[in-house]
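An overview of the molecular structure
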Amino acid sequence: MTYRMADGKVVTPEGCELNVAHHCNLGCASCSHLSPVFRRSFLEPDTAAHDLTLLARSFRAQFVKVLGGEPLLHPELVTILRHTRESGLAPRIVVCTNGLLLPRMRDDFWAAVDEVEISVYPDREPSEEQMREIRAYATTHGVTLTVSHYSHFRYSYSEHGTQDRELIRRIYSTCQIAHVWRCHTVFEGHFFKCPQSVFVPQVVGDLDQIWADGLRITDEPDFADRLLAYLQGSEPLRACANCMGSVGKRMPHRQRTRRNFRELQEHRTEDLTDHRFLTLLEERPDSDDGCAVDSPDAWRERLSAAEHDTFVPASPTSGLPSPTSEKRT
């Protein structure tokens, strides 16, 4: 399915994302939102209400995904969830979290959501007792609970980027984030094709650069038409010069600190590209990226295999070890 116009609104077959906290209580290596780099920062509820309500006049999503960073860190999360519902932008609200703070959430949170997605990481997963409590809350409130176990990440961006226009074009055209999962993002009154076009420039470039990749949300009569043209555009974004899209090399999951998070990306785009996966995505755009599994047993098997992967902080001269981490499991 693709985008369509209905009743003067652009309708997407997927969702729209709202990042309510830039920081996180974890420091996952190559976090796609670069959360370990950002300091404590929360979205203002009034800003969320204004932007979503304005966007809803011209855009219709199947769901709004509220995430971060770690969204459960936000002290006014329930208020934002209510504003999201009242905006009418989508019929469903999904919260994506690492789950560690879910045992603290009570009835008002569970009553405000339709689905909770838990991304589970090695040595950072909720306990079995906590998961029983979480499932009980979800069942009581009729909330769908989705659990994905991540054993690997893919390099999300390059500190040095590339000037190879053909490589940038291929990374953009195969980007599952923008074109398959359609993780369109609302940020400070603007609409973006992907969250990376918001976060990557803030780390490696100039904050002013990000506005060139987004579209300011307005109530002008032609906004829906301009939004549709923006979403269907084939020109790579400026952030694509540093973003790895979906084709960064695969690494076993690790935790990093704010101080050393960026060291792993100290390479050119060419050095961090999984060229085999890039070619595969050009043939099959929805191919599995090899980072998550649904079964805990499969997760444990993959983690056991990952113990033999070589993982050292990359440096501009050392190159990247890749024999086992490049092997698709």
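The structure under discussion appears in the preceding block.
The rules behind these values
Residues numbered from 1 in each chain as written. Predicted model: local features only at pLDDT ≥ 70, side-chain atom pairs only at ≥ 80, totals over all residues. Heavy atoms only, no water. Axes fitted to C-alpha atoms, helices over the stretch in contact; angles between N-to-C directions. Helix = DSSP H or I, 4+ residues; strand = E, 2+ residues; numbered from the N terminus. Parallel < 35°, antiparallel > 145°, perpendicular 65-115°, else oblique. Left-handed = near helix turned anticlockwise from the far one by under 90°. Contact = heavy atoms within 4.5 Å. Nonpolar A, V, L, I, M, F, W, Y, C, P; charged D, E, K, R; others polar. Pairing = 2+ DSSP bridges. Core = buried A, V, L, I, M, F, W, Y, C linked by side-chain atoms within 4.5 Å. Buried < 20%, exposed > 50% of the residue type's maximum accessible area, 1.4 Å probe, protein only. Phe/Tyr/Trp six-rings, centres within 6.5 Å; stacked < 30°, edge-to-face > 60°. Salt bridge = Lys/Arg side-chain N within 4 Å of Asp/Glu carboxyl O.

1. A short note on the packing of helix 1 (residues 45-55) against helix 2 (residues 77-87)
At a minimum axis separation of 9 Å, helix 1 and helix 2 run at an interaxial angle of 15°. Classified by the interaxial angle, the pair formed by helix 1 and helix 2 is roughly parallel. Judged by the sense of rotation from one axis to the other, the crossing of helix 1 with helix 2 is right-handed. Facing Pro45, Asp46, Ala48, Ala49, Leu52 and Thr53 of helix 1, the residues of helix 2 in contact are Thr79, Ile80, His83, Thr84 and Ser87. Of the residues assigned to the contact of helix 1 with helix 2, the class counts are 5 nonpolar, 5 polar and 1 charged.

2. A few points about the sheet that holds strand 6 (residues 93-97)
Strand order in the open sheet formed by 9 strands is 12-11-10-3-5-6-7-8-14, and the pairing between neighbours is mixed. Looking along the sheet, the strands with just one partner apiece sit at the ends: strand 12 (214-216) and strand 14 (292-293). As defined by bridge partners, strand 8 (residues 144-150) adjoins strand 14 across 2 bridges and the pair is classed as antiparallel. Residue pairing across strands places Tyr150 opposite Ala292, the latter belonging to strand 14. Lying on the sheet, helix 7 (residues 196-204) is in contact with strand 3 (16-21), strand 10 (184-187) and strand 11 (190-192); it crosses strand 10 at an angle near 60°.

3. What about the environment of Gly189?
As for its placement among the helices and strands, Gly189 is situated in the loop between strand 10 and strand 11. A C-alpha to C-alpha distance of 8.8 Å links Gly189 and Ala48, two positions 141 residues apart in sequence. Setting aside its immediate chain neighbours within four residues, Gly189 contacts Asp51, Leu215, Arg216 and Ile217.

4. So, the nonpolar core
Counting residues in each nonpolar core, the largest one holds 62 residues, and the members touching the most others are Leu55, Phe59, Phe109, Trp110, Phe191 and Leu227. Sort the elements by how many residues they give to this core and helix 8 (residues 223-231) lands first, with 6 residues. If sequence neighbours within four positions are ignored, Trp110 has contacts with Leu102, Met105, Val116, Ile134, Tyr137, Ala138, His141 and Val143.

5. A short note on the side chain of Lys65
Relative to the assigned elements, Lys65 resides in strand 5 (residues 64-68). Lys65 gets classed as buried once you look at its relative accessible area, which sits at 15%. Apart from residues lying up to four places away in sequence, Lys65 is in contact with Cys16, Glu17, Leu18, Val94, Cys96 and Glu117.

6. Quick word on the packing of aromatic side chains
Applying the stated criterion across every chain, the model contains 10 aromatic pairs. Pairing Phe38 with Phe199 gives two aromatic rings, centres 5.7 Å apart and planes at 65°, and the pair type is edge-to-face. Highlighted residues: Phe38 in the loop between strand 3 and helix 1 and Phe199 in helix 7, separated in sequence by 161 residues. A residue is classified by how much of its surface remains accessible, and Phe199, at 2% relative accessible area, is buried.

7. Things to note about the pattern of salt bridges
Applying the stated criterion to the full structure yields 13 salt bridges. A salt bridge links Arg57 to Asp219; the nearest nitrogen and oxygen atoms lie 3.6 Å apart. Remark: Asp219 occurs in the loop between strand 12 and helix 8 and Arg57 occurs in the loop between helix 1 and strand 4 (59-60); sequence separation between them is 162 residues. Residue classification places Asp219 among the exposed residues on the basis of a relative accessible area of 55%. Put simply, Lys65 and Glu117 hold a salt bridge, and the shortest N to O gap is 3.0 Å. Of the two residues, Lys65 is situated in strand 5 and Glu117 in strand 7 (residues 115-120); the sequence distance between them amounts to 52 residues. Overlapping salt bridges, with partners in common, bring together Glu220, Asp222 and Arg226 in one network.

8. Details of the sheet that holds strand 1 (residues 4-6)
On the basis of which strands lie adjacent, the open sheet formed by 3 strands has the order 1-2-4 and mixed pairing. Two strands close off the open sheet at either side, each with one partner strand: strand 1 and strand 4. One ladder, built from 2 bridges, connects strand 2 (residues 9-11) with strand 4; its direction is parallel. Directly across from Val11, in strand 4, lies its bridge partner Arg60. Running at roughly 25° to strand 2, helix 8 makes contact with strand 1, strand 2 and strand 4 of the sheet.

Purely spatial values, then, with no claim about function.
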